[in-house]
Amino acid sequence: MNQDIRCTQCGRKLAAGRYLELHIKCPRCRAMNHFKAERPGAPQPGATDGRQSDHSLARRQTTLG
Ligand SMILES: [Zn+2]
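Here's what I pulled together on the structure shown here. The structure displayed is predicted, hence computed values, not measured ones.

What counts as what
Residues numbered from 1 in each chain as written. Predicted model: local features only at pLDDT ≥ 70, side-chain atom pairs only at ≥ 80, totals over all residues. Heavy atoms only, no water. Donors = N, O, S within 2.8 Å, 3.2 Å for Na, K, Ca; no water. Tetrahedral: all angles 85-135°; square planar, octahedral: opposite > 155°, others 65-115°. Helix = DSSP H or I, 4+ residues; strand = E, 2+ residues; numbered from the N terminus. Buried < 20%, exposed > 50% of the residue type's maximum accessible area, 1.4 Å probe, protein only. Salt bridge = Lys/Arg side-chain N within 4 Å of Asp/Glu carboxyl O.

Okay, the coordination of the zinc ion next. Note on the zinc ion: its protein donors are Cys7 (SG), Cys10 (SG), Cys26 (SG) and Cys29 (SG). The metal-donor distances range over 2.2 to 2.3 Å. For the zinc ion, the four donor atoms are set out with angles of 105 to 119° between them, so the coordination reads as tetrahedral. Every donor residue of the zinc ion comes from the same chain, spaced as C-x2-C-x15-C-x2-C. Residue Cys10 is found in the loop between β1 (3-6) and β2 (13-17), and its partner Cys26 is found in the loop between β3 (21-25) and β4 (32-36); the two are separated by 16 residues along the sequence. Residue Cys10 is classed as partly exposed on the basis of its relative accessible area, which comes to 30%. Since its relative accessible area comes to 1%, Cys26 is described here as buried.

Time to look at the pattern of salt bridges. Counted according to the given criterion, the structure contains two salt bridges. In this structure, the salt-bridge partner of Arg6 is Asp4, at a minimum N-O distance of 3.8 Å. Judged by relative accessible area, Asp4 falls into the partly exposed class, the value being 44%. As a salt-bridge pair, Lys13 and Asp4 come within 3.4 Å of each other at their nearest N and O atoms. Lys13 sits in the partly exposed class, given a relative accessible area of 42%. Each of the salt bridges in this network shares a partner with another, and the network as a whole consists of Asp4, Arg6 and Lys13.

Below is the structure:
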């Protein structure tokens, strides 16, 4: 999944792709842009339901005989 990296000053597209941390100087307005990924390896929204049934693990010892 590519991600557009645009200048925060003039909005010029600087690059596209994935990044963790990036420093790009805009050739147009010469503004130094610093991009940082929100959270590397963040859990995708919707993967797991917010509500999870708390199923207590009740294990009873069954003794035969
Ligand atoms: Zn710019």
